[in-house]
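For reference, the chains in residue letters:
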Amino acid sequence: MEPAMAAASLPRIAPMTDLLQTGTERGLAGWGREALRCALRDALDGLRADCQAGRPRQLDEGFWAEVGDRLAVVPALRLKGAINATGVVLHTNLGRAPWSDEAIAAAAAAAGYGTVEFDLETGGRGGRAPEVAAHLVRLTGAGDGLAVNNNAAAVLLALSVLAQGRKVIVARNELVEIGGSYRMPEVVAAAGAEMIEVGTTNRVHLRDFAAALADPEVGCVFKAHPSNYRIDGFTREPAVAELAAACREHGVPLVYDLGSGVLVGADLAGARDEPTVKDALAAGCDLVTFSGDKLLGGPQAGLIVGAAALVRRLRSNMLTRCLRLDKTILAALEATLAIHALGEQAARQRIPGLRMLSLDQAALRARAHALAARLSGFDVLVVDCEGRVGSGAAPVAPVASAGLSLALVGTGAAELARRLRFQPTPVVGRIQDERLLLDLRTVAEDQEDRLLEALAAVRS
Ligand SMILES: *Cc1c(COP(=O)(O)O)cnc(C)c1O
């Protein structure tokens, strides 16, 4: 047991109005007095906690530096661009998929007035972004397609339209929690349906589904891709085509939540074993849902493709109006789908997430060596490392990558990482073996100069 630390005495703390005045004189009021007040309050809380724990503190330069740091990340005031050096391509906390130039331009163009629901021919009201549905049909071979706010919304919509007041069959090996409070039992309950679990955690047989399908109260069978976990060992589950055939026999629709939604690039690093949207439809699923900002590489959206009659039922439901996409997102989504329509090669070149997953390790090593040569003041190594697809796609598949491993004499790796996060463009890396690892797969080449600037700033 460590001896209990005696609390240190608190330094004299001037009244808030005086602190605000001092902060303003120090040039910290750039985000307004209210933001400065919040940052001061938080920094004072930290100071008091330190004193309480026996670490004496003063209202010194260190304190004011902390206030400045806090202001730099006031999230409500500014959501800023960052450099992702984690090697996790679809990093949920860093905004998942980075957009293509085309998507960015399309969103900017749509931000003013635009032909969102306007028919140029008649000059009257038109459908809301029929191009998105047309692209989805062309790209997947489905009867129809629909886009809503995100994949979670797509699943909620599908279950609510097909099974409200009825039952949903879900296998016990697919009772997934995606994160946050999105958990399968809760989603089914929110859709107003009753969940019927079949099979066991490791083994689910076709006969388990068949027995449950005999219940006339069943509205649909729901299948979820285990995108963020794997069940290994003594396992079994029916092939999607077998399950689809059983559903068809009973006249019950099969809904498959694919999560990532691979359209092209199924042979990309880390995505090889992901089922594609086309595969799922070809196997006989009636509705397939997936995200717009995972392996599609576009804006946050939930895409639903499948049988025309079912998609039409979903489209005319009131929930679809509640879950609809903003005009800028619709434009970015249309641009992203248009790139996919150009084919596999165009998608890999122009969609940043797919481009990053296509980079080979040797090319990343070469970039790491070139960067290391431009870096001074650090103990720097060029290293091979492992990245991830991220966002629940291929959770266990490593992506062979390369980058820089950094140490700074007299500064711990955590402190180095922290200083980099507080640069004008925050840099986010990973700590590995007491050193800071910067994986270059997720750093765009045109971000390298800014990365070097940030490194120079934290060294001095
Ligand atoms: C990511 C994921 C979701 C949630 O998708 P969002 O677009 O984030 O709403 C749902 N189901 C699965 C299987 C997923 O992988």
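In this text, all values refer to a predicted model and were calculated from it rather than measured experimentally.

Visitor: Help me get a handle on the overall build of the protein chain, residues and values and all.
Guide: Scanning the protein chain from N- to C-terminus turns up 18 helices and 15 strands. Summarising its shape, the C-alpha atoms of the protein chain cover approximately 75 × 55 × 50 Å along the three principal directions. Looking at the protein chain residue by residue over its 460 residues, the buried ones come to 47%. Within the protein chain, contacts between residues at least 6 apart in sequence are counted, and of these 73% link residues at least 24 apart. Of the roughly 21,800 Å² of accessible surface on the protein chain, 52% is carried by carbon and sulfur atoms. If the 49 positive side-chain charges of the protein chain are averaged to one point and the 53 negative ones to another, these points end up 2 Å apart.

Visitor: Which residues make up the pairing of strand β3 (residues 167-171), and what values do they have?
Guide: In terms of burial, β3 is a largely internal element, five of the five residues being buried. Of the two faces of β3, the one lined by K167, I169 and A171 and the one lined by V168 and V170 are each fully buried. Inspection of the sheet shows β3 paired to strand β6 (residues 194-198) by five bridges, in the parallel sense. Counted as the bridge partner of V170 is E197 from β6. Two strands pair when backbone bridges link them, and β3 and strand β7 (residues 218-224) are joined in this way by four bridges, in the parallel orientation. Each bridged residue has a counterpart across the sheet, and for K167 the counterpart in β7 is V218.

Visitor: Outline the sheet that holds β3, supporting the account with residue identities and numerical values.
Guide: Across the sheet, which stays open at both edges, the seven strands sit in the order β2-β10-β9-β8-β7-β3-β6 with mixed pairing between neighbours. Since the sheet does not close on itself, it has two edges, and those belong to β2 (144-148) and β6, each with one partner. Averaged over all neighbouring strand pairs, the angle between strand axes comes to 25 degrees, with direction disregarded. Across the sheet, helix α5 (residues 130-140) is in contact with β2, β9 (287-291) and β10 (302-306); its angle to β2 comes to roughly 125 degrees.

Visitor: Please set out the packing of α5 against helix α13 (residues 327-341) residue by residue, giving values where relevant.
Guide: Each packed pair of helices is defined by two parameters, the angle between the axes and the distance between the axes. Interaxial distance between α5 and α13 falls to 9 Å at its minimum, and their mutual angle equals 25 degrees. In terms of orientation, α5 lies roughly parallel with respect to α13. The two elements α5 and α13 cross, and the hand of that crossing is left-handed. Seen from α5, the contacting residues are E131, V132, H135, L136 and L139; seen from α13, they are L330, L333, E334, L337, A338, H340 and A341. For the contact of α5 with α13, a count of residues per class yields eight nonpolar, two polar and two charged.

Visitor: Which residues make up helix α2 (residues 33-52), and what values do they have?
Guide: With 20 residues, α2 should reach 28 Å at 1.5 Å per residue; the first-to-last C-alpha distance of 28 Å fits that figure. All of the buried residues along α2 are A35, L36, A39, L40, A43, L44, L47, D50 and C51. For α2, the arc enclosing every buried residue in end-on projection is 165 degrees, short of the 170-degree limit, so these residues lie on one face. Check the buried side of α2 and you find it contacts α1 (16-25) and α3 (61-72). Just beyond α2, the residue with positive phi is G54, at close to 90 degrees.

Visitor: Summarise empty space enclosed by the protein; cite the residues concerned and give the values.
Guide: Picture a little ball the size of a water molecule; that probe, rolled over the atoms, points out where space is still empty. Tallied over the entire structure, the rule returns one cavity of 30 Å³ or more. For the largest cavity, the calculated volume is near 40 Å³. Taken together, A171, N173, E174, V204, F209, K223, E237, P238 and L243 make up the lining of the largest cavity. Broken down by class, the residue content of the lining of the largest cavity amounts to five nonpolar, one polar and three charged.

The rules behind the values
- Residues numbered from 1 in each chain as written.
- Predicted model: local features only at pLDDT ≥ 70, side-chain atom pairs only at ≥ 80, totals over all residues.
- Heavy atoms only, no water.
- Helix = DSSP H or I, 4+ residues; strand = E, 2+ residues; numbered from the N terminus.
- Buried < 20%, exposed > 50% of the residue type's maximum accessible area, 1.4 Å probe, protein only.
- Contact = heavy atoms within 4.5 Å.
- Areas by Shrake-Rupley, 256 points an atom, 1.4 Å probe, with all protein chains shown as cover.
- Lys, Arg positive; Asp, Glu negative; His and termini not counted.
- Charge placed at Lys NZ, Arg CZ, Asp CG, Glu CD.
- Pairing = 2+ DSSP bridges.
- Axes fitted to C-alpha atoms, helices over the stretch in contact; angles between N-to-C directions.
- Parallel < 35°, antiparallel > 145°, perpendicular 65-115°, else oblique.
- Left-handed = near helix turned anticlockwise from the far one by under 90°.
- Nonpolar A, V, L, I, M, F, W, Y, C, P; charged D, E, K, R; others polar.
- Expected span 1.5 Å × (residues − 1).
- Arc of directions from axis to C-beta.
- 1 Å grid on protein atoms, 1.4 Å probe; cavity = no way out; pocket = protein on both sides within 12 Å on 5 of 7 lines; lining within 4 Å.
- Points joined across faces, edges and corners; volume = space filled by probe spheres on them.

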